[in-house]
Amino acid sequence: MNMIRMAIPTFIGAANVGDLHLQCTNGVPIANMLAHSPPLPLAIDYHEEGGEMTEEDEEGILLALRHSDRVHYISLWLPSPKLQKVITTMDEQFPILERLYIHSRTEGDTSLVLPRTFQAPNLRHLVLSPTALLNPIGSPLLTTTVGLVTLMLLDITPSAYFPPSYLLTRLSLMPQLEIVAIRFHTPLPNRDVERQLSDTPIMPHITLPNLREFGFRGVSAYLEGLLARINLNTPVLNTLRIELFNQLTFTVPCLLEFMGTSEILNFSTVWLDFTADGFIFGRHHQGKWRLSPFYLMVLCRHLDWQVSSAAQILAQSIFRVAQPGRPYTVAPTSQTIQQFEDTSCAK
């Protein structure tokens, strides 16, 4: 039957080759498939890209979600109005759901929130954008899904903000984590984060022994609050991607201490780049920073701000990174050289 397929789901942490399930996706007549197929697990995968989703597709999603005891995979990439209709029906337990990926294609929308009654006790991979979908402070989801392997909370808006202490408490309950990404949509003033940290009781250090990838986008005070309590020096960590919002001064001792001891920096050349989005330094990867196993980026557009942030961070970091027996070369990319030549000519 062509509706049943052996598949490799296109999702972070996807299931092993050979998982047999029913694929519920754009263009598939769901009612007909469910009526004439054995009760296999359901993979719900709907993306609206390059065309409008049909009314039949919308009905298909809702019909598939009614079989909550069979749904093991959900991936939705839809505009907010359509997502709203879908997630309001997810108000019960999904006992075999392992992968949940929800992305709103409506930028900046904070009105979407998963029902508090939504439960997925066997969830392994959670990716949400915007994170307002979860409403972390009010949702029990992060306290009940202790078996998470992937946690990616993206596009965190001010309405969905949670302090470092809340995140640290949740991470301490997830010792199996392999991939963590925390990305804020807009900056919160460093002084507000520092005040929250000063009011936080001393917490024990957190060790995530299986952590392979760590990504962060936000203000430096928040990152420092995390790194002061999370031990990132795990033997399997191979990817570190940090993006900091621009600020007048940068003080990141915990990050620099990690950079000076981690084997993730076991390469000989640190590349510099000044792009349209900000200053970057780290390990270049065939001209694509986003694929690099390590980079630190300061998000600012004006070249003078980029130069100022570069000077501060490099002055603090080079003596930490370039240890005896592990010398480093700092080199500009060809794009950076060209940009400064153009700027000089313009003057």
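Keep in mind the model is a prediction, meaning the values are calculated, not measured.

Some thoughts on the overall build of the chain
Inference 1: Counting its regular elements, the chain contains ten helices and 16 strands.
Inference 2: Among the 347 residues that make up the chain, the fraction classed as buried is 51%.
Inference 3: In the chain, the proportion of contacts linking residues at least 24 apart, taken out of those at least 6 apart, comes to 71%.
Inference 4: If you sum the accessible surface of the chain, you get close to 16,100 Å²; carbon and sulfur atoms cover 55% of it.

Quick look at the pairing of strand 2 (residues 20–25)
Inference 1: As judged from the four bridges shared by strand 2 and strand 3 (residues 42–47), these two strands associate in the parallel manner. Across the sheet, T25 pairs through a bridge with D45, a residue of strand 3.
Inference 2: Between strand 2 and its parallel partner strand 3, the chain crosses via helix 1 (residues 30–35), and the hand of that crossover is right-handed.

Observations concerning unusual backbone geometry
Inference 1: Of note in this structure, D155 is not a glycine but carries a positive phi near 55 degrees.
Inference 2: Along the chain, D155 turns up in strand 7 (residues 150–156).

A look at helix 2 (residues 55–65)
Inference 1: Of the positions making up helix 2, those classed as buried are D57, E58, G60, I61, A64 and L65. One face of helix 2 carries all of its buried residues, which in axial projection span an arc of 155 degrees. The exposed set on the far side of helix 2, more than 90 degrees from its buried face, consists of E55 and E56.
Inference 2: Each element contacted by the buried residues of helix 2 is listed here: strand 2, helix 1, strand 3, strand 4 (71–78) and helix 3 (80–87).

Here's the deal with the packing of aromatic side chains
Inference 1: A full pass over the atoms with the stated rule returns twelve aromatic pairs.
Inference 2: Note on W77 and Y101: the rings are 6.1 Å apart at their centroids and 80 degrees apart in plane angle, and the pair reads as edge-to-face. Of this pair, W77 sits in strand 4 while Y101 is found in strand 5 (residues 99–104), placing the two residues 24 residues apart along the sequence.
Inference 3: Taking relative accessible area as the criterion, W77 reaches 23% and is therefore assigned partly exposed.
Inference 4: Centre to centre, the rings of F162 and Y166 are 6.1 Å apart; their planes meet at 50 degrees, and the pair counts as tilted.

Structural notes on the side chain of D45
Inference 1: Mapped onto the elements, D45 comes out in strand 3.
Inference 2: D45 gets classed as buried once you look at its relative accessible area, which sits at 13%.
Inference 3: Within the structure, D45 has its side chain in polar contact with the side chain of H47 (distance 3.3 Å).
Inference 4: Ignoring sequence-local partners within four residues, the contact set of D45 consists of Q23, C24, T25, N26, Y73 and S75.

Observations regarding the pairing of strand 3
Inference 1: Most of strand 3 sits out of view: five of its six residues are buried.
Inference 2: Direction of pairing for strand 3 relative to strand 4: parallel, over a ladder of six bridges. Paired with Y46 across the bridge in strand 4 is L76.

Here we look at the packing of helix 5 (residues 164–171) against helix 7 (residues 220–227)
Geometry of a packed helix pair, given as the angle between the helix axes and the separation of the axes.
Inference 1: Where helix 5 contacts helix 7, the two axes come as close as 10 Å, and the packing angle between them is 35 degrees. Handedness of the helix 5/helix 7 crossing: right-handed. Across the interface between the two elements, P164, L167 and L168 from helix 5 touch Y222, G225 and L226 from helix 7.
Inference 2: Residue composition of the contact of helix 5 with helix 7, by class: five nonpolar, one polar and no charged.

Notes on the environment of Y46
Inference 1: Mapped onto the fold, Y46 is located in strand 3.
Inference 2: Along the primary structure Y46 and S75 are separated by 29 residues, whereas in three dimensions their C-alpha atoms are 6.4 Å apart.
Inference 3: Other than its neighbours up to four places away in sequence, Y46 contacts C24, T25, N26, I30, M53, D57, G60, I61, S75, L76, W77 and L78.

A look at the nonpolar core
Inference 1: Counting residues in each nonpolar core, the largest one holds 96 residues, and the members touching the most others are I74, M90, L100, F214, F216 and Y222.
Inference 2: Considering each element in turn, this core owes the most residues, six residues, to strand 15 (residues 294–299).

Brief notes about the packing of helix 6 (residues 190–198) against helix 7
Inference 1: Remark: helix 6 packs on helix 7, axes separated minimally by 8 Å, with the N-to-C direction vectors making an angle of 25 degrees. Considered as vectors, helix 6 and helix 7 are oriented roughly parallel to each other. In this structure, helix 6 uses N190, V193, E194 and L197 to contact helix 7, whose residues at the interface are S220, A221, Y222 and G225.
Inference 2: When grouped by side-chain class, the residues that make up the contact of helix 6 with helix 7 number four nonpolar, three polar and one charged.

A closer look at the environment of H47
Inference 1: Relative to the assigned elements, H47 resides in strand 3.
Inference 2: For H47, a relative accessible area of 25% corresponds to the partly exposed category.
Inference 3: The spatial distance from the C-alpha of H47 to the C-alpha of W77 is 4.6 Å, given a sequence separation of 30 residues.
Inference 4: Apart from the residues within four sequence positions on either side, H47 is in contact with N26, S75, W77 and L78.

Re helix 3
Inference 1: Among all positions of helix 3, only S80, K82, L83, V86 and I87 are buried. One face of helix 3 carries all of its buried residues, which in axial projection span an arc of 155 degrees.
Inference 2: Next to the buried residues of helix 3 lie helix 2, strand 4 and strand 5.

Rules behind the numbers
Residues numbered from 1 in each chain as written. Predicted model: local features only at pLDDT ≥ 70, side-chain atom pairs only at ≥ 80, totals over all residues. Heavy atoms only, no water. Helix = DSSP H or I, 4+ residues; strand = E, 2+ residues; numbered from the N terminus. Buried < 20%, exposed > 50% of the residue type's maximum accessible area, 1.4 Å probe, protein only. Contact = heavy atoms within 4.5 Å. Areas by Shrake-Rupley, 256 points an atom, 1.4 Å probe, with all protein chains shown as cover. Pairing = 2+ DSSP bridges. Right-handed = clockwise from strand over helix to strand, strands pointing away. Arc of directions from axis to C-beta. Phe/Tyr/Trp six-rings, centres within 6.5 Å; stacked < 30°, edge-to-face > 60°. Polar contact = N/O pair within 3.5 Å; in protein donor to acceptor, adjacent residues only side chain to side chain. Axes fitted to C-alpha atoms, helices over the stretch in contact; angles between N-to-C directions. Left-handed = near helix turned anticlockwise from the far one by under 90°. Nonpolar A, V, L, I, M, F, W, Y, C, P; charged D, E, K, R; others polar. Core = buried A, V, L, I, M, F, W, Y, C linked by side-chain atoms within 4.5 Å. Parallel < 35°, antiparallel > 145°, perpendicular 65-115°, else oblique.

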